[in-house]
Amino acid sequence: ISSALVPADRATLKAFNSHFVSHGGKLPDDYVPVIGPGMKEPPAPLGITGTARTHLTMSNARSYFYNCTFEADGWGALSTDASGGEAYLEVNDSIVKVNNSGYGAYADFGARVVINSSELHSATYTGVIAGAAEMQLNASTSSSGANVMMIHSVMGNPMEQGKLIIEGGKHVSQGTALLIKSANADI
C-alpha cells in the first residue's frame, strides 16, 4: 500500500537510469477512508482507484529523476502531498505508465511539478493539479483514458488558481483534454 519512494522534510532525492514499480495491495479490513494523513487510497472525488503511488514528494522535499521508468497499477505514478509550499518534482527523459485507474503526475497545493522530454501513458489522467499548484509539460508526449489534465480545488476555495504550462509535445486523451473543476486555472 505504501509508495515505492518518499522523500520528505526538505530532503533532496536524485535518481538516474532507474525503474520504479508499485502494485499496491489489499486494504486492511479495519481501514476507514480518510483524506489526509493515513490515506491509503485516492480520495473518492478523483474518481480513480488503487492503493499505492509509485513516487511521492512530501513536505518541501525536492525530487529529480533522469532517464527513469515509473509504473503504477493504480492511483498514481508521480505525486506530491502535504507540500508545505515548496515541494518540487522534476522528471527528465523518462517514461511514466499507469496501467489501471490513476494519474501519471499530481501537483498538490503549493507544489511544482516539471516534466521534460518524457512519455506519460495513463489509464485516467495524464496529470492532476490540486488548487494553487503548478505543472509543466515540456517537449513531452502523453496519452490518457479520460483527460490530459484535471485541475480542481481540494479545499473548495474558488480563489485557488492552478497553473498549467504546456510547451511542445503531443497530448492525446479519450475525453475532454482539460477538465477544470471548482478552481481557477492559468493555462
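Structure report, in brief. (Residues numbered from 1 in each chain as written. Predicted model: local features only at pLDDT ≥ 70, side-chain atom pairs only at ≥ 80, totals over all residues. Heavy atoms only, no water.)

1. Some thoughts on the overall build of the protein chain
And then number 1: If you tally the helices and strands in the protein chain, you get zero helices and 19 strands.
And then number 2: Counting only C-alpha atoms, the protein chain reaches 45 × 40 × 35 Å along its principal axes.
And then number 3: Across the 187 residues in the protein chain, those meeting the buried criterion constitute 49%.
And then number 4: Counting only contacts in the protein chain whose residues sit at least 6 apart along the sequence, the fraction spanning at least 24 positions is 64%.
And then number 5: Total accessible area on the protein chain is roughly 8,300 Å²; 52% of this is exposed by carbon and sulfur atoms.
And then number 6: Put simply, the protein chain has 11 plus and 16 minus side-chain charges, and the middle of one group is 2 Å from the middle of the other. (Helix = DSSP H or I, 4+ residues; strand = E, 2+ residues; numbered from the N terminus. Buried < 20%, exposed > 50% of the residue type's maximum accessible area, 1.4 Å probe, protein only. Contact = heavy atoms within 4.5 Å. Areas by Shrake-Rupley, 256 points an atom, 1.4 Å probe, with all protein chains shown as cover. Lys, Arg positive; Asp, Glu negative; His and termini not counted. Charge placed at Lys NZ, Arg CZ, Asp CG, Glu CD.)

2. Examining unusual backbone geometry
What is expected of a backbone is that most residues other than glycine have negative phi and most peptide bonds are trans.
And then number 1: Here N17, not a glycine, exhibits a phi torsion of approximately 50°, which is positive.
And then number 2: Tracing the backbone through its elements, the reader meets N17 in the loop between β1 (12–16) and β2 (19–22).

3. Structural notes on the pattern of salt bridges
Oppositely charged side chains are able to pair whenever their charged atoms sit close together.
And then number 1: In the structure shown here, the tally under the stated rule is four salt bridges.
And then number 2: R10 is the salt-bridge partner of E86, the closest N and O atoms lying 3.1 Å from each other. Taken together, the residues span a long stretch of sequence, with E86 in the loop between β6 (75–81) and β7 (88–92) and R10 in the segment before β1 at a distance of 76 residues.
And then number 3: For E134, the salt bridge goes to R112, with nearest N and O atoms at 3.3 Å. Residue E134 is located in strand β13 (residues 134–138), and its partner R112 is located in strand β10 (residues 112–116); the two are separated by 22 residues in the primary sequence.
And then number 4: Given a relative accessible area of 34%, R112 falls into the partly exposed group. (Salt bridge = Lys/Arg side-chain N within 4 Å of Asp/Glu carboxyl O.)

4. Some thoughts on the sheet that holds strand β3 (residues 53–58)
And then number 1: Spatial strand order, β3-β6-β9-β12-β15-β18: six strands in an open sheet with parallel pairing. A strand with exactly one partner marks an edge of an open sheet, and here the two such strands are β3 and β18 (178–181). The mean angle between the axes of side-by-side strands here comes to 15°, regardless of whether they run parallel or antiparallel. (Pairing = 2+ DSSP bridges. Axes fitted to C-alpha atoms, helices over the stretch in contact; angles between N-to-C directions.)

5. As for the nonpolar core
And then number 1: Grouped together as the largest cluster of nonpolar side chains are 26 residues, with contacts concentrated most on F65, F70 and L78.
And then number 2: Mapped by element, the contributors of at least two residues to this core are β5 (69–72), β6, β7, β8 (95–98), β9 (102–107), β10, β13 and β15 (147–152).
And then number 3: Sequence-distant contacts of F65, defined by excluding residues within four places in its chain, comprise L5, L13, A15, F20, H55, F70, L89, E90, V91, N92 and S94.
And then number 4: Counting residues in hydrophobic clusters, the runner-up holds 10 residues, among them I48, W75, Y106 and A130. (Core = buried A, V, L, I, M, F, W, Y, C linked by side-chain atoms within 4.5 Å.)

6. Some points on the pairing of β10
And then number 1: Counting buried positions along β10 yields four of five residues, so the element is predominantly enclosed.
And then number 2: In this sheet, β10 lies alongside β7 in parallel orientation, the contact comprising five bridges. Bridging from a neighbouring strand, V91 pairs with I115 of β10.
And then number 3: Summarising the sheet, β10 and β13 pair through five bridges and their orientation is parallel. Considered in β13, the bridge of V114 is made with Q136.

These figures capture arrangement, not role.
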